[in-house]
Amino acid sequence: MEPQQDSPVYANYEDMRHSGPASSTAYMINMGPGGAAPEQPARVPGPTQQYRGFKTSENEPRGFVEWVVTLFSVLIFIITSPIAIFICFKVVAEYERAIIFRLGRLSGGARGPGMFFILPCIDEYRKVDLRTVTFNVPQQEMLTKDSVTVTVDAVVYYRISDPLYAVIQVEDYSMSTRLLAATTLRNIVGTRNLSELLTEREILAHTMQATLDEATEPWGVMVERVEIKDVSLPVSMQRAMAAEAEAARDARAKVIAAEGEKKSAAALKEASDVISSSPSALQLRYLQTLSSISAEKNSTIVFPLPMELLTPYLAKYAQMMPQPPQLPQSPEKSDSLLDAQAAWPKTNL
């Protein structure tokens, strides 16, 4: 088993970013006043200066003309020193860094914050703002994985982590980051379904942030955060989705109603079995129904009359009724007698 190497200690986050290319190494950030001083980036010996993987011509031998021009610039500064002091001394704020080029070559690393000196006529510098920059990714009509047209816009937060990279490695880091964010958003949306796009915005934002941060690291740009602002659907698609959701709700409502009818039917069957076992229970149910009706102050009361109460009277009346006469039947008059017997009770009644 290999021994685990100790992680270097850095005074702040910027020194950690300047220490080397991003990797999975665990860094310790010492923000206290007693932290050790950060180590300078390792430089490759020789005429060519190397900064974190790219080479510059800072320490290459200068030609005769370059030396003559440099001496001439120093001479001009000495002659015009009372006035040149106000021109050659520059100041950068706490949130800025300056990259100096002398005769087109890089002259040291990033300068600032504070005051620095440039030679007249041969030095030029570029300021880089280290504060977080926010920009909106313009709305774009995109096609999702399931062939649905949507309009998506986002907002991106980034800042410069390495001013030297931002000046030397890319012409315009701001425009490059904006264009890359627009194309990355389109590519990521094309790999997601509509349902994933609507329900997994946070995952989509994290994926886009990781992709942008990896792509912009060689430019000295660190993407801090990405937020998906809005996902707009066409009006026809919104209507279709609303109709689908309404149909699904209606289907669920019908299923719930059917289950309720089933349960109520089973309960009614059990109640009927209980009532049929005791005739007095049915009478009590009648009285309870009358009580609930009369509580509402109705002028009309419907009183159900059980047929069991009339059964004895109907049986007695049936015994008192005369029997139909029994006449001899002949084949010729059988049909007429049958008709007379069928009509006899009706005529007597």
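Before reading on, note that the structure itself is shown above.
Residues numbered from 1 in each chain as written. Predicted model: local features only at pLDDT ≥ 70, side-chain atom pairs only at ≥ 80, totals over all residues. Heavy atoms only, no water.

**Student:** How would you summarise the overall build of the protein if you had to cite specific residues and measurements?
**Tutor:** Within the protein one finds 11 helices and 12 strands. Residues classed as buried in the protein amount to 25% of the 349 residues present. Intrachain contacts of the protein at a sequence separation of at least 6 include 59% that bridge at least 24 residues. (Helix = DSSP H or I, 4+ residues; strand = E, 2+ residues; numbered from the N terminus. Buried < 20%, exposed > 50% of the residue type's maximum accessible area, 1.4 Å probe, protein only. Contact = heavy atoms within 4.5 Å.)

**Student:** Lay out the nonpolar core in plain terms, naming residues and giving numbers.
**Tutor:** Residues V150, V152, V156 and L185 are the most contacted members of the largest nonpolar core, which totals 37 residues. Looking at this core, the elements that each hand over two or more residues are β6 (96–102), β10 (133–143), β11 (149–160), α4 (163–168), α5 (173–189), α6 (194–199), α7 (201–216) and β12 (221–232). Every residue in contact with V152, bar those within four places of it in the chain, is listed here: P138, Q139, Q140, M142, L185, V189, L197, I228, D230 and V231. Residues V92, A98, I100 and I118 belong to the second largest nonpolar core, which totals five residues. (Core = buried A, V, L, I, M, F, W, Y, C linked by side-chain atoms within 4.5 Å.)

**Student:** Go over the side chain of T177, please, and point to the residues and values.
**Tutor:** Residue placement: T177 occurs in helix α5. Residue classification places T177 among the buried positions, given a relative accessible area of 0%. Residues within four places of T177 in sequence aside, it is in contact with F135, Y158, T216, W219 and V221.

**Student:** Lay out a nonpolar patch on the surface in plain terms, naming residues and giving numbers.
**Tutor:** There is a patch of nonpolar side chains on the surface, built from I83, I85, F86, I87, F89, V91 and M115 and spanning about 780 Å² of accessible area. Every element with two or more residues in the nonpolar patch is listed here: α3 (81–88) and β5 (89–92). Within the element layout of this structure, I83 appears in helix α3. (Patch = residues over 30% accessible without salt bridge, like charges linked within 9 Å, V, L, I, M, F, W, Y side chains within 5 Å. Areas by Shrake-Rupley, 256 points an atom, 1.4 Å probe, with all protein chains shown as cover. Salt bridge = Lys/Arg side-chain N within 4 Å of Asp/Glu carboxyl O.)

**Student:** Lay out α5 with the relevant residues and their values.
**Tutor:** Its 17 residues give α5 an end-to-end C-alpha distance of 24 Å, which sits within 8% of 24 Å, the value for a rise of 1.5 Å per residue. For α5, every residue scored as buried is listed here: Y173, S174, T177, A181, A182, T184, L185, I188 and V189. (Expected span 1.5 Å × (residues − 1).)

**Student:** Help me get a handle on the packing of α5 against α7, residues and values and all.
**Tutor:** Two quantities define a packed helix pair, namely the angle between the helix axes and the distance between the axes. In contact at an axis separation of 10 Å, α5 and α7 are set at 135 degrees when each is read in the N-to-C sense. What the angle tells us is that α5 and α7 run oblique. Two packed elements cross with a definite hand, and for α5 against α7 that hand is right-handed. Counted together, T177, L180, A181, T184, L185 and I188 of α5 and L204, T207, M208, T211, L212, A215 and T216 of α7 form the full contact between these two elements. Of the residues that constitute the contact of α5 with α7, the class distribution is eight nonpolar, five polar and no charged. (Axes fitted to C-alpha atoms, helices over the stretch in contact; angles between N-to-C directions. Parallel < 35°, antiparallel > 145°, perpendicular 65-115°, else oblique. Left-handed = near helix turned anticlockwise from the far one by under 90°. Nonpolar A, V, L, I, M, F, W, Y, C, P; charged D, E, K, R; others polar.)

**Student:** Before we move on, can you summarise the state of the cysteines with the specific residues and values?
**Tutor:** Using the criterion set out here, one finds zero disulfides in the structure. For C88, which is in no disulfide, the shortest distance to another cysteine sulfur is to C121 and amounts to 8.5 Å. According to the relative accessible area criterion, C121 is exposed, its value standing at 73%. (Disulfide = S-S within 2.5 Å.)

**Student:** Let's hear about the pattern of salt bridges: which residues, and what values?
**Tutor:** One pass over the full model with this rule turns up six salt bridges. Note that R105 is salt-bridged to E66, the shortest N-O span being 3.6 Å. Placement of R105 in strand β7 (residues 105–106) and of E66 in helix α2 (residues 64–79) is noted, with a sequence separation of 39 residues between them. With a relative accessible area of 19%, R105 lands in the buried category. With its nearest N and O atoms 4.0 Å apart, the salt bridge here joins K127 to E96. Taken together, the residues K127 in strand β9 (residues 123–129) and E96 in strand β6 connect sequence positions 31 residues apart. For K127, a relative accessible area of 41% corresponds to the partly exposed category.

**Student:** Report on the sheet that holds β10, specifying residues and quantitative values.
**Tutor:** With antiparallel pairing, three strands are arranged side by side in an open sheet as β10-β11-β12. Strands at the two margins of the open sheet, each flanked by one partner only, are β10 and β12. Here the average twist between neighbouring strands, direction ignored, is 20 degrees. Strand direction decides the pairing type here: β10 and β11, joined by nine bridges, are antiparallel. Directly across from Q140, in β11, lies its bridge partner V152. (Pairing = 2+ DSSP bridges.)

**Student:** Outline the packing of aromatic side chains, listing residues and values.
**Tutor:** In this structure the tally under the stated criterion is four aromatic pairs. Seen in terms of ring centroids, F77 and F117 are 5.1 Å apart; in terms of plane orientation they differ by 75 degrees. Their pairing is edge-to-face. You can see F77 sitting in helix α2 and its partner F117 sitting in strand β8 (residues 114–117), a full 40 residues away along the chain. By relative accessible area, F77 is classed as buried at 18%. A residue is classified by how much of its surface remains accessible, and F117, at 28% relative accessible area, is partly exposed. (Phe/Tyr/Trp six-rings, centres within 6.5 Å; stacked < 30°, edge-to-face > 60°.)

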